[in-house]
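Listed here are the chains, written in short residue letters.
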Amino acid sequence: MTGHEDWVPFEISPGNSGADATARGLTAYLRGLDDLAGLLAREKALVFRDFGVTPEELDEVMDELLPNRLAYVHGNSPRTKVGNNVYTSTEYPQEFTISMHNEMSYAYAWPSRLLFFCERQPETGGATPVVDGVRWLTALDPEVREAFKGGVRYTQNLHGGMGLGKSWQDTFETQDRAEVESFLEKTGSSWEWKADGGLRVHQDRQATIRHPVTGDEVWFNQADQWHPAGLGDETAKALAQIMPAEDLPQNVTFADGTPIPAEYVTQIRDRGLDSAVDVDWRTGDLMLIDNVAVGHGRRPFTGARRVLVAMCD
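Procedures and definitions
Residues numbered from 1 in each chain as written. Predicted model: local features only at pLDDT ≥ 70, side-chain atom pairs only at ≥ 80, totals over all residues. Heavy atoms only, no water. Helix = DSSP H or I, 4+ residues; strand = E, 2+ residues; numbered from the N terminus. Contact = heavy atoms within 4.5 Å. Buried < 20%, exposed > 50% of the residue type's maximum accessible area, 1.4 Å probe, protein only. Pairing = 2+ DSSP bridges. Axes fitted to C-alpha atoms, helices over the stretch in contact; angles between N-to-C directions.

A. Local environment of the environment of L140. As for its placement among the helices and strands, L140 is situated in the loop between α5 (133-139) and α6 (142-147). Spatially, the C-alpha atoms of L140 and Q267 are 7.3 Å apart, while their sequence positions differ by 127 residues. Aside from chain neighbours lying at most four places away, what touches L140 is R145, W219, Q267, I268 and R271.

B. Fine view of unusual backbone geometry. Of note, K44 is a non-glycine position whose phi angle comes to about 75°, a positive value. For K44, a relative accessible area of 5% corresponds to the buried category. In this structure, D50 is a non-glycine residue whose phi angle is positive, near 75°. With respect to the helices and strands, the residue D50 is situated in the loop between β2 (45-48) and α4 (58-65). Assessed through its relative accessible area of 45%, D50 is described here as partly exposed.

C. Highlighting the sheet that holds strand β15 (residues 277-279). Pairing is antiparallel across the open sheet formed by 4 strands, whose spatial order is β5-β17-β8-β15. Looking at which strands have only one partner, the edges of the open sheet turn out to be β5 (98-101) and β15. Here the average twist between neighbouring strands, direction ignored, is 25°. Bridging between strand β8 (residues 128-132) and strand β17 (residues 294-298) involves 3 bridges; their strand directions are antiparallel.

D. Summary view of helix α3 (residues 36-43). The buried fraction of α3 amounts to 6 of the 8 residues, a majority that puts the element mostly inside the structure. Each element contacted by the buried residues of α3 is listed here: β1 (10-12), β2, α4, β6 (113-120) and β16 (286-290). In the stretch just after α3, K44 is the one whose phi turns positive, near 75°.

Written as structure tokens, this is what we have:
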């Protein structure tokens, strides 16, 4: 494994693994590995290339890489469920960049692994940038790192069926308020049902954590994605004219409720992207990432790019 400054994902192909260039060959290779978890902890991200995996063969491969697939419950990204806990990657306009983040780092519990599968490669662009969490943390100014030591508070405003952003029914995959409350009680969240049928949820979370295997401290929050400033000056200005920050579909402050300066947010967003390594997609590729060690995003693209994602605890 390389150091944090020159880290790149570890590529596995028929050429360097000795496996047949088929999905069955990849599955056999994975079954023969002594310690996939150890390999992933060391390398942080694994790219499986040139095995020609098709959507019909995906389940068999995923069973080896993700032994306990999770549903995307309480997620804040727009996705479509396309299989057994398999989803489209974030459905965000293709001309925009998705900034770096660790999946569900805002939540009480997050997946330990993510698996991406390229069903259809884009015509141009569309790489998935990945960033070493240690490198991202050290790229930030000491002033920013110090300010975030107390953690962050995420706020979600989920409508009841019509409105801006996601509904609570889609977010929690249920129509039952009691189920939602039962879920939230276990997560240390506070919440309130609003008069218009919507739901407001507050979550106080960490800004950094230590990797459970390596002990490395990594940047681990989504402040720049939940803050209006992360959307760009013009979008933030337009949103501010529509409604106050506390009523936006999602918002973030420091854990004590004080506002996060916009310049901190843009620094976090920009330095994460600047520190990232792009993984370009070819149809049939897969990438497995350690969701604590590595953040991910998306570059703009043209064409009918389709990347699926699944996760496990």
